[in-house]
Amino acid sequence: MSSLAIVLVLSAAVCHAAWNVLAHGVSRVGLPFLWWGAVVSTVLWAGAIPFTGGLGTDDVAGFLLGTGVSAVVHVVYMLVLQRGYATGRLSTVYTTARGTGPTISVVVAVILLGERPSAIALVGVAAILVGVIAVGLVDRGTGGGMHVSASSRRRIDPGVLWGLLTGVAIATYTIWDAHAVRTWELSPVAFMVGCTLIEIPMYSAALGRRHRELLSVLRRHWARLLAFGVLSPMSYILVLAAITMAPVALVAPMREISVILVALFGVFVLREGRPGWRIAAASVVVGGVVLLAV
């Protein structure tokens, strides 16, 4: 990978970890926060379109198709992710999702997109996936309290299940978005704004009677919404830009360096258990990233 692509992906990882910490903190708010998140993201980033290449293409139909499909998958992703954060630990849900998504993305990129990463890069991919999944499975069967029954130890942590579903959504939008941006030569900023704009009516339809909560959510969480509106689109705009320079099979796993940041936040701020295991597994991710950069 080029140095610029690596910088873009690592910057995206920092932004991604930050907005997921924000999203975890308001996970029980749900749809009203997601609605405002789409609105704020659209408003904040729309002004950047003229300065970042416009739509990037004259094929308006291709732009609409690309953003329309992506918006639907991103809405599913956000809803499943929020559900996971509401029922499971931050690092469990996040890392399971971030491990599943790249695994599927790498396989599909090789099979369908014809990408052929080097042997060293594939070893790096494998290391990242092993580390990510290890962090996500640290809490498997431990439950959330001090006293855990034998039956609860045998059950899979629901956070892992929601993380797996989130990972499927991640792989779906990663492959589709890479295809759309490359095929129709779309500008990453315009593409992201198009997605968030289309998400607004979808969230509006899903809100139902909860639209009454919108003003109170804005008053309570306006600062979080501003941060989310900047960081969430930025994290993916940077990834889309990197995808135009490097294979999806390398970009998708490398962005999971964010797992380390989330794991450290879980250990030192949320006081999640087994800190040694979390940090050790996160270190494996770092090793994988180093191999990708070789």
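Placed above this text is the structure.
Residues numbered from 1 in each chain as written. Predicted model: local features only at pLDDT ≥ 70, side-chain atom pairs only at ≥ 80, totals over all residues. Heavy atoms only, no water.

Considering helix H8 (residues 188-207)
Here H8 spans 28 Å end to end across 20 residues, near enough to the 28 Å set by a 1.5 Å rise per residue. Once H8 finishes, Gly-208 follows within two positions and takes phi at roughly 60°, a positive value. (Helix = DSSP H or I, 4+ residues; strand = E, 2+ residues; numbered from the N terminus. Expected span 1.5 Å × (residues − 1).)

Brief notes about the pattern of salt bridges
Going through the model one piece at a time under the given rule, you end up with one salt bridge. For Glu-213, the salt bridge is made with Arg-210, and the minimal N-O distance between the two is 2.9 Å. Residue Glu-213 is classed as partly exposed on the basis of its relative accessible area, which comes to 30%. Among the residues examined, Arg-210 registers a relative accessible area of 29% and is labelled partly exposed. (Salt bridge = Lys/Arg side-chain N within 4 Å of Asp/Glu carboxyl O. Buried < 20%, exposed > 50% of the residue type's maximum accessible area, 1.4 Å probe, protein only.)

What about unusual backbone geometry?
Residues other than glycine seldom take positive phi values, yet Glu-185 does so here, at roughly 50°. The residue Glu-185 is located in the loop between helix H7 (158-183) and H8 in this model.

Side note on the side chain of Thr-42
For Thr-42, the position within the fold is in helix H2 (residues 31-46). Exposure remark for Thr-42: the relative accessible area of 10% places this residue in the buried category. Not counting chain neighbours up to four residues away, the residues in contact with Thr-42 comprise Val-193, Thr-196, Leu-197 and Ile-200. (Contact = heavy atoms within 4.5 Å.)

A word on the environment of Gly-53
Relative to the helices and strands, Gly-53 resides in the loop between H2 and helix H3 (60-87). When the C-alpha positions of Gly-53 and Pro-188 are compared, they lie 9.0 Å apart, and in sequence the two are 135 residues distant.

Regarding the packing of H8 against helix H9 (residues 214-243)
Between H8 and H9, whose axes approach to 10 Å, the crossing angle comes to 145°. Taken as a pair, H8 and H9 cross one another with a handedness that is right-handed. Between H8 and H9, the contacting residues are Pro-188, Val-189, Phe-191, Met-192 and Leu-207 on the first element and Leu-214, Pro-233, Tyr-236, Ile-237, Leu-240 and Ala-241 on the second. Broken down by class, the residue content of the contact of H8 with H9 amounts to eleven nonpolar, no polar and no charged. (Axes fitted to C-alpha atoms, helices over the stretch in contact; angles between N-to-C directions. Left-handed = near helix turned anticlockwise from the far one by under 90°. Nonpolar A, V, L, I, M, F, W, Y, C, P; charged D, E, K, R; others polar.)

Observations regarding the packing of aromatic side chains
The final tally for this structure, using the stated rule, is six aromatic pairs. Their ring planes at 85° and their centres at 4.9 Å tell us that Trp-35 and Trp-36 sit as a pair that is edge-to-face. Overall, Trp-35 belongs to the buried group, its relative accessible area being 16%. Accessibility expressed as a relative area gives 14% for Trp-36, which makes it buried. Ring geometry for Tyr-173 versus Tyr-236: centroids 5.3 Å apart, planes at 90°, classification edge-to-face. Of this pair, Tyr-173 sits in helix H7 while Tyr-236 is found in helix H9, placing the two residues 63 residues apart along the sequence. (Phe/Tyr/Trp six-rings, centres within 6.5 Å; stacked < 30°, edge-to-face > 60°.)

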